[in-house]
Amino acid sequence: QAILSRSQFTELTASLIDRTMRATKRALRDAQLIVDDITGVVLVGGSTRMPVAREAVRAFFDREPLVDIDPDQVVAIGAALQANILAGNGSADDDWLLLDVCPLSLGIETMGGLVEKIIPRNSTLPVARAQEFTTFKDGQTAMSLHVVQGERESVAHCRSLARFELRGIPPAVAGSVHIRVSFQIDADGLLSVTAREQASGIEAHIEVKPTYGLADTQISAMLKDAIGSSKEDMALRSLREAQVDARRLLDATEAALTADAALLSETDLKAIRQAMFALGDTLETEAPVEQVRSASAVLGAATDGFAAQRMNASISKALSGRTMDSLA
C-alpha cells in the first residue's frame, strides 16, 4: 500500500488549484470588482477542505476564508434561505437578495453580419438597455431585426434567438431615420425586444427566453470559444466595417452620378468610375482591410471636387430668381 505525502498531493493538484484561481480572477473581472471589494469568501464543495486550497484563497484575498459552514451543505443552505425570503417568511434583518445575471451577451445583427451587443453578459437582472440604429439605403421602408446571443463578433458564431421585422418606416435618405431598439430582461429571465421608429412612432415587438435549451456546458464552451478567437474576431470586425463603409460610399457615389453626372468633365467622370471599379473589386475579391480602406480613400479623393460642384449647383438653384433684399 503506497503512502501519498501532503507535498506530493499538493504537487499533483497544483494545476487544479491554479485553474480554480484563474476562474476566481475572471469572476472578479467580469463583476468589475477588486479584491478589496470582497468582505468575505465562503468555501463551497468538499475539495475546499484541502489545506492547499484554503492557502490559495487566503493568499489571493489576503484574509481567512469562512469555514464555519459545512462546504457540502452551504449551497443548499443558501438556496433554502433565499427561498424563505422569496416566500415572504424573512425577518427585518434579512436584507440580502440573490440576483441572477445574464450569462451571455445579447444583441442584434448589423450590416456585414456583425453583432452589436446591447446587453453585455453578467448584467444583473432585471435589466433594460437601448440603442439607436438607422437605415442603410435611401427610401428603405422596412428593417429586419435578428436577435442573437453570444460573445463572438460574427453572427455566424453566435446563437440565433429570434427574428422579426419593423415595417412602415417613412422613406427617407439613408442614415436620417432613427430607430430605437430596446432590450429588457425581467427577473424571470424573459427577454423583450422592441424596435421603434422615432418620428412616426411605429414599432414591432418580440419576446423570447434566452436561456431556453441552454446548458451550463454550452455557456462555458461559448465563452472559451470567444476568448480563444478574440484576435480573429477583431480582425473580422475591422474588415466587415470597412466593407460596409465602402458599399455605402459606392451607393452614395452612384446616386450622385445618376443625378448630376452632367456637372463633370469626361476626364473627371472616367477617374471616378475607375476608382469605383477598383473599390468594387476589393469587395468582390474579399481583399484585406488595408486594401479596402485604401481604395475607399482613393474614391473619396476623386469625388471631393464633384461634391463641391454639386453643392455650388444646389446653392445656385436655390438662389435662382431671388434678390438680395429677399435674403436679408
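Residues numbered from 1 in each chain as written. Predicted model: local features only at pLDDT ≥ 70, side-chain atom pairs only at ≥ 80, totals over all residues. Heavy atoms only, no water.

**With respect to the sheet that holds strand E4 (residues 142-149)**
Read across the open sheet, the four strands follow the order E2-E1-E4-E5; overall the sheet is antiparallel. The sheet is open, and its two edges are formed by strand E2 (114-119) and strand E5 (159-167), each paired on a single side. Looking at each pair of strands side by side, their axes are set apart by 30° on average, direction ignored. Pairing between strand E1 (residues 106-110) and E4: three bridges, direction antiparallel. (Pairing = 2+ DSSP bridges. Helix = DSSP H or I, 4+ residues; strand = E, 2+ residues; numbered from the N terminus. Axes fitted to C-alpha atoms, helices over the stretch in contact; angles between N-to-C directions.)

**Thoughts on a nonpolar patch on the surface**
On the surface, Val42, Val44, Leu66 and Val75 cluster together into a nonpolar patch covering about 330 Å² of accessible area. With respect to the secondary-structure elements, leucine 66 resides in the loop between helix H3 (51-61) and helix H4 (74-86). The class for leucine 66 is partly exposed, based on a relative accessible area of 40%. (Patch = residues over 30% accessible without salt bridge, like charges linked within 9 Å, V, L, I, M, F, W, Y side chains within 5 Å. Areas by Shrake-Rupley, 256 points an atom, 1.4 Å probe, with all protein chains shown as cover. Salt bridge = Lys/Arg side-chain N within 4 Å of Asp/Glu carboxyl O. Buried < 20%, exposed > 50% of the residue type's maximum accessible area, 1.4 Å probe, protein only.)

**Quick look at the nonpolar core**
Membership of the largest hydrophobic core comes to 27 residues, with the highest contact counts inside it found for Val181, Phe183 and Leu191. Mapped onto this core, the elements with two or more residues apiece are E1, E2, strand E3 (127-133), E4, E5, strand E6 (179-185), strand E7 (191-197) and strand E8 (203-208). Look past the residues within four positions of phenylalanine 183 in its chain and what remains in contact with it is Leu106, Gly107, Ile108, Ile118, Ile119, Val127, Ala128, Arg129, Val147, Leu191, Ser192 and Val193. Counting residues in each nonpolar core, the second largest holds 18 residues, with Ala246, Leu283, Ala287 and Leu299 among its members. (Core = buried A, V, L, I, M, F, W, Y, C linked by side-chain atoms within 4.5 Å. Contact = heavy atoms within 4.5 Å.)

**Regarding a positive patch on the surface**
Together, Arg19, Arg26, Arg29 and Lys224 give the surface a local cluster of positive charge. Here the positive patch gets three residues from one element, more than from any other, and that element is helix H2 (residues 14-30). Relative to the helices and strands, lysine 224 resides in helix H5 (residues 216-228). (Lys, Arg positive; Asp, Glu negative; His and termini not counted. Charge placed at Lys NZ, Arg CZ, Asp CG, Glu CD.)

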